[in-house]
Amino acid sequence: MEIIPSLLNANIYDIKETIEIIKNSGSNFIHIDVMDGKFVPLQAFGGKIVSDLKKRCDIIIDVHLMIENPENHLSEYQDADRITVHAESTPHIYRCLQNIKKMGIKAGVAINPGTSIQMIEDVLPLVDQVLIMTVNPAGLGESFLPHCVKKIQKVSRLRTQNHYSFEIEVDGNITNQTLYPCLKAGSDLFVCGGYIFNDKYPSKRIQELSSLVYNYARE
């Protein structure tokens, strides 16, 4: 179980300091949201920042492609450790996931709050992680959507019943209040941006959330 800080909410001007804060707080992950202004209304990041980070720091880079037809852009993210694509973003989701794995990169599938779990059941044997969005994608400042916890439960049951090995990741207004129901439902990875980086002491927020995860694992 891991807390994964999201770069989208961090101060990019101080990116070196941000990476040091993350590493010193005990996390070895960073989440990078790529947005094209089409699949989602915002635009953010691209392949160069992934490559630059990989050259300069030893950290696991978790790339979340919120773009149309991601299969046309995978080569731009060849330095990522994990690439997650949305089931809603392409008619060729299975092929897209296969191509990610052929690159030697862990492949994830994401679904929006309004998308049924049934839409991804056929790719579950293939993926390394399933990302459940708990807000609308690119919905900065939106409230956590409680009905998404049931989706986590459903995916967790499918994993257990079929002996799948993928991890379950959640993303969207994860705080000290919303983390616990996701934990209880079966989540393993917790993307958190605003709750961490909108605070004066982001390292304390990372440690706080990590402690919640650690204490739950000991129960």
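Here, the structure is the one placed above.
Basis of the calculations
- Residues numbered from 1 in each chain as written.
- Predicted model: local features only at pLDDT ≥ 70, side-chain atom pairs only at ≥ 80, totals over all residues.
- Heavy atoms only, no water.
- Phe/Tyr/Trp six-rings, centres within 6.5 Å; stacked < 30°, edge-to-face > 60°.
- Buried < 20%, exposed > 50% of the residue type's maximum accessible area, 1.4 Å probe, protein only.
- Helix = DSSP H or I, 4+ residues; strand = E, 2+ residues; numbered from the N terminus.
- Lys NZ or Arg CZ within 6 Å of the ring centre and 35° of its normal.
- Salt bridge = Lys/Arg side-chain N within 4 Å of Asp/Glu carboxyl O.

J.: Requested: an account of the packing of aromatic side chains, with residues and values cited.
T.: Here the structure, examined in full by the defined rule, presents two aromatic pairs. Seen in terms of ring centroids, Tyr164 and Phe166 are 5.8 Å apart; in terms of plane orientation they differ by 35 degrees. Their pairing is tilted. In this structure Tyr164 comes out as partly exposed when scored by relative accessible area, which is 23%. When the centroid spacing of 5.8 Å and the interplanar angle of 85 degrees are considered together, the rings of Tyr180 and Tyr216 count as edge-to-face. In this pair, Tyr180 sits in helix α5 (residues 179-185) while Tyr216 sits in helix α7 (residues 202-218), placing the two residues 36 residues apart along the sequence. Residue classification places Tyr180 among the partly exposed positions, given a relative accessible area of 40%. Directly above the aromatic system of Tyr201 lies the positively charged group of Lys204, at a separation of 4.9 Å from the ring centroid. The positively charged end of Arg205 is found above the aromatic ring belonging to Tyr195, 3.9 Å away from the centroid.

J.: Before we move on, can you summarise the pattern of salt bridges with the specific residues and values?
T.: According to the stated counting rule, one finds seven salt bridges in the structure shown. We note a salt bridge from Lys101 to Asp128, for which the minimum N-O separation is 2.9 Å. Here Lys101 is found in helix α3 (residues 93-102), whereas its partner Asp128 is found in the loop between β6 (106-111) and β7 (129-133), with 27 residues between them in sequence. Assessed through its relative accessible area of 32%, Lys101 is described here as partly exposed.

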